[in-house]
Amino acid sequence: DVSLYQGGSRQRGANLAPKTDALLRSLGPNVTTMVLGSVYFSRLRPHTRLVPHCGPTNSRLRMHIGISTPKGASMRVANRTRRWRAGKAFVFDDSFEHEAWNDADEDRLVFIMDVWHPELATEAQRLAVLDESQKQRYTQLLQEEINGCTRPVEEDMFQEYRPERGPLNDG
């Protein structure tokens, strides 16, 4: 996977995908202040499966946009199964049990972006679901957004858990 944002922190992967990063920043605070989520390119190798799991919160919605979507690559959310389609998006609440598989002979690649749940539309509603450290981070990110600050790349919080893979570049 190539991470662009994690918990609102801009990751090194954002430098590898400058057009995608610019688009994300143009979407505003629904994306840029998401302290409870991630933005990344997700690769699922051939003949692999992600076991059923649940996301940690229903304060966000997760969007998948298909990039390379071979037949045989699908996911299940609750009791609904969907197949990714290149260039098409679908949104789901990942606090529901979900799983993904790729039975194809080629990689599946999707762009994944977490956004605030639409019922958390105001600053007060968002702050109400956050713990103290998340509130501080959210407030900082919101202030940066208001001031038009460009975030520097922060330490990749998951680098030690992720094997190095080939570069991704959309520049």
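Fair warning: this is a prediction, and the values are worked out from it, not measured in the lab.

## Thoughts on the nonpolar core
- Core analysis: the largest hydrophobic core is formed by 13 residues, its most contacted members being Leu4, Leu24, Val31, Val39, Phe41, Phe111 and Met113.
- The residues contacting phenylalanine 111, other than those within four sequence positions of it, are Leu4, Thr20, Leu24, Val39, Tyr40, Phe41, Met63, His64, Ile65 and Ile67.
- Membership of the second largest hydrophobic core comes to eleven residues, among which are Leu44, Met75, Phe90 and Phe92.

## Observations concerning the confidence of the model for the protein chain
- In this model, the protein chain carries an average pLDDT of 88, and 87% of its residues clear a pLDDT of 70 or more.
- Considering only residues more than four positions removed or in separate chains, one finds that residues 156–171, a stretch of pLDDT under 50, has 25 contacts.

## Digging into the packing of aromatic side chains
- If you walk through the whole model with that rule in mind, you get four aromatic pairs.
- Arranged with centres 5.0 Å apart and planes meeting at 55°, the rings of phenylalanine 41 and phenylalanine 111 form a pair that is tilted. Here phenylalanine 41 is found in strand 3 (residues 38–44), whereas its partner phenylalanine 111 is found in strand 10 (residues 108–116), with 70 residues between them in sequence.
- Classification of phenylalanine 111 as buried rests on a relative accessible area of 9%.
- Centre to centre, the rings of phenylalanine 90 and phenylalanine 92 are 6.1 Å apart; their planes meet at 35°, and the pair counts as tilted.
- Judged by relative accessible area, which is 7%, phenylalanine 90 ranks as buried.
- Pairwise contacts between aromatic rings join Trp84, Phe90 and Phe92 into one cluster.
- The residue whose ring lies beneath arginine 108 is tryptophan 84, and the NZ or CZ to ring-centre distance is 4.6 Å.

Thresholds applied
Residues numbered from 1 in each chain as written. Predicted model: local features only at pLDDT ≥ 70, side-chain atom pairs only at ≥ 80, totals over all residues. Heavy atoms only, no water. Core = buried A, V, L, I, M, F, W, Y, C linked by side-chain atoms within 4.5 Å. Buried < 20%, exposed > 50% of the residue type's maximum accessible area, 1.4 Å probe, protein only. Contact = heavy atoms within 4.5 Å. pLDDT = per-residue confidence, 0-100. Phe/Tyr/Trp six-rings, centres within 6.5 Å; stacked < 30°, edge-to-face > 60°. Helix = DSSP H or I, 4+ residues; strand = E, 2+ residues; numbered from the N terminus. Lys NZ or Arg CZ within 6 Å of the ring centre and 35° of its normal.

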